[in-house]
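Geometric and topological summary
If you want the building blocks of each chain, they are given just below.
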Amino acid sequence: MNKLADLVDKPKDIQEKPLEIAALLLTWYDQNKRDLPWRRTNDPYTVWLSEIMLQQTRVDTVIDYYRRFLERFPDICSLADADEEDVLTLWKGLGYYRRARNLHQAAITVRDRYAGNFPRTFPEIRALPGIGDYTAGAIASIAYNLPYPAVDGNVLRVATRLLGLEDDISQQKIQKQIAEIIEEMIPKERAGDFTQALMELGAMCCTPNTPGCRDCPWRTVCTAHRTHRETVLPVKKKAKKATCFNYWTALVCNDGDILMEYRCNTQLLGNMWGLPLVQKESGSSAEELFRRDWELDLRFIKYLGSVRHVFTHQVWQMDVILFSLKPDSEVKSGLAWISREKLKDLPIPKAFQKVLQLMI
DNA sequence: AACCCGTGGAG
DNA sequence: TCTCCAAGGGT
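Parameters at a glance
- Residues numbered from 1 in each chain as written.
- Chains lettered and ligands numbered in written order.
- Predicted model: local features only at pLDDT ≥ 70, side-chain atom pairs only at ≥ 80, totals over all residues.
- Heavy atoms only, no water.
- Helix = DSSP H or I, 4+ residues; strand = E, 2+ residues; numbered from the N terminus.
- Buried < 20%, exposed > 50% of the residue type's maximum accessible area, 1.4 Å probe, protein only.
- Contact = heavy atoms within 4.5 Å.
- UniProt positions renumbered as here; feature names shortened; annotations may be inferred.
- Salt bridge = Lys/Arg side-chain N within 4 Å of Asp/Glu carboxyl O.
- Domains from an automatic or database assignment.
- Buried area = accessible area lost by both parts, 1.4 Å probe.
- Nonpolar A, V, L, I, M, F, W, Y, C, P; charged D, E, K, R; others polar.
- Near = heavy atom within 4 Å.
- Polar contact = N/O pair within 3.5 Å; in protein donor to acceptor, adjacent residues only side chain to side chain.
- Phe/Tyr/Trp six-rings, centres within 6.5 Å; stacked < 30°, edge-to-face > 60°.
- Lys NZ or Arg CZ within 6 Å of the ring centre and 35° of its normal.

**Re the overall build of chain A**
Scanning chain A from N- to C-terminus turns up 16 helices and seven strands. Its C-alpha atoms give chain A principal-axis dimensions of about 80 × 50 × 35 Å. A buried classification covers 50% of the 360 residues belonging to chain A. Within chain A, contacts between residues separated by at least 24 positions form 67% of all contacts whose residues are at least 6 apart in sequence.

**Quick look at the UniProt feature "domain: HhH-GPD" (unreviewed entry) in chain A**
The UniProt feature table records "domain: HhH-GPD" (unreviewed entry) at residues 53–204. Strand forms 0% of residues 53–204 and helix 66%; the C-alpha atoms that close the span are 19 Å apart.

**A look at the pattern of salt bridges**
For the structure shown, the criterion picks out 17 salt bridges. The salt bridge involving E200 is made with R34; its shortest N-O contact spans 2.9 Å. Of this pair, E200 sits in helix α13 (residues 191–204) while R34 sits in the loop between α3 (18–32) and α4 (44–54), placing them 166 residues apart in sequence. Measuring nitrogen to oxygen at the nearest pair gives 2.8 Å for the salt bridge that ties D193 to R190.

**Structural notes on the domain arrangement of chain A**
Under the domain assignment used here, chain A contains domain 1 (3–226) and domain 2 (243–357). For domain 1 and domain 2, the distance between their C-alpha centroids amounts to 39 Å. Between domain 1 and domain 2, the contact holds nine residues from the first and 16 residues from the second. In total, domain 1 and domain 2 occlude about 850 Å² of area from one another, counting both sides; carbon and sulfur atoms represent 53% of this. Taken as a group, E85, K92 and Y97 account for 52% of the area that domain 1 buries against domain 2, more than any other trio of residues on that side. Counting residues per element, the side of domain 1 that touches domain 2 draws most heavily on helix α7 (residues 84–91), which supplies four residues. For the side of domain 1 that touches domain 2, the residue count by class is three nonpolar, two polar and four charged.

**Brief notes about the protein's contact with DNA strand C**
Close contacts around DNA strand C come from 29 residues, with Q56, G130, T135, D152 and N154 the closest. Considering DNA strand C, the proportion of its atoms within 4 Å of the protein that are sugar or phosphate atoms stands at 65%. One nitrogen or oxygen atom from the main chain of Q56 is found 2.4 Å from a phosphate oxygen belonging to DNA strand C. Measuring from a sugar or linking oxygen of DNA strand C, one finds a side-chain N or O atom of D152 at 2.6 Å.

**Notes on the packing of aromatic side chains**
Per the counting criterion, the structure on display carries twelve aromatic pairs. Taking the centre distance of 5.3 Å and the plane angle of 65° together, the rings of F69 and F73 count as edge-to-face. F73 carries the same exposure label as F69, and that label is buried. Ring centres 4.4 Å apart and planes at 20° place the aromatic pair F122 and Y148 in the stacked group. Linking F122 in helix α9 (residues 122–126) with Y148 in the loop between α10 (133–144) and α11 (153–163), this pair joins segments that are 26 residues apart in sequence. Owing to a relative accessible area of 17%, F122 belongs among the buried residues under this scheme. Following the ring pairs from residue to residue traces out a cluster consisting of F245, Y247, F311, W316 and F352. The ring of Y65 has R68 lying over it, and the distance from NZ or CZ to the ring centre is 4.8 Å.

**With respect to the protein's contact with DNA strand B**
Contacts to DNA strand B come from 23 residues, most closely from R58, Y97, H309, T312 and K350. One of the backbone nitrogen or oxygen atoms of Q56 is found 3.1 Å away from a base nitrogen of DNA strand B. Counting only elements with at least two residues in the surface near DNA strand B, the list comes to β5 (298–310) and α16 (350–357). Taken together, the residues that form the surface near DNA strand B break down as nine nonpolar, ten polar and four charged.

Below is the structure:
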């Protein structure tokens, strides 16, 4: 069955000669591609690492993390042998920390099940933790030149514009449809370049707000451009608003040490280090709330300021108080005294780094 | 399907 | 300040 033919309004030339259309893109890619660190080799480990880091994360942000990570863990087995906490520390500040834990777990799987050699088939790659349809397609095509589609946000945007698809791209059905169309366009000899070329076009030319159609290799065949729908497409429903939380945050100091919490893996920022928080309640003082929720007997020193941190689905408004702990107090499990010098070696997410910054 | 999971840059 | 978003995956 020809998926291209299934589309109602699809331009005839795209339907009849997908490989010629693809060739236009590849020529543009050869002349315009950026020199990025992960494009210097097709080693599956580095392709894999770059794809994980690039999930929902900008190229400029990733570059330094990518270099540091490979310097510390040059191959899969060195990563597999590492402690998870050290992997998280290298990931500190990059966000979406489950990526790092899945990466580490997958490295262990590759070491133990595949003798340290990254698997070479799509189903095996897709089965590793942290690797979904997109990432499996990207690795299979870029590292092994296998003809699997890799449909990310860029490709959804490029494809809907090229084809003039007005459907909501947040629907799984539409994403699958687009993947099938892209699959038919893959030049078998250059599957990996095609994958990267589509994303490069989306990143550098077919951008969300003001696309550079003037320099686009597909300007003559693009439905959206012809019908002036570039800035309308793709159609997607709006994200839900984040809920706001108001917290008291305790900076408890004892000589050079700071009282930190190792966060439970079931909560936001789990398996990382943070500071004691209590949700504000009218009628209760911060001291009362910390005694009730944390069994801490704190003495107020001074108010340090307010920190706002925005996550995808939450906003934290944290009012930070410097406290001391009453002498000879026990500290319940999950809490620990951490020296200032040790902070840099621990995985501490940005939200708490901002709070710690108030002290320095 | 809907929701959760971080962060920083751009308009 | 606000909104959107950037090479998504897991549940």
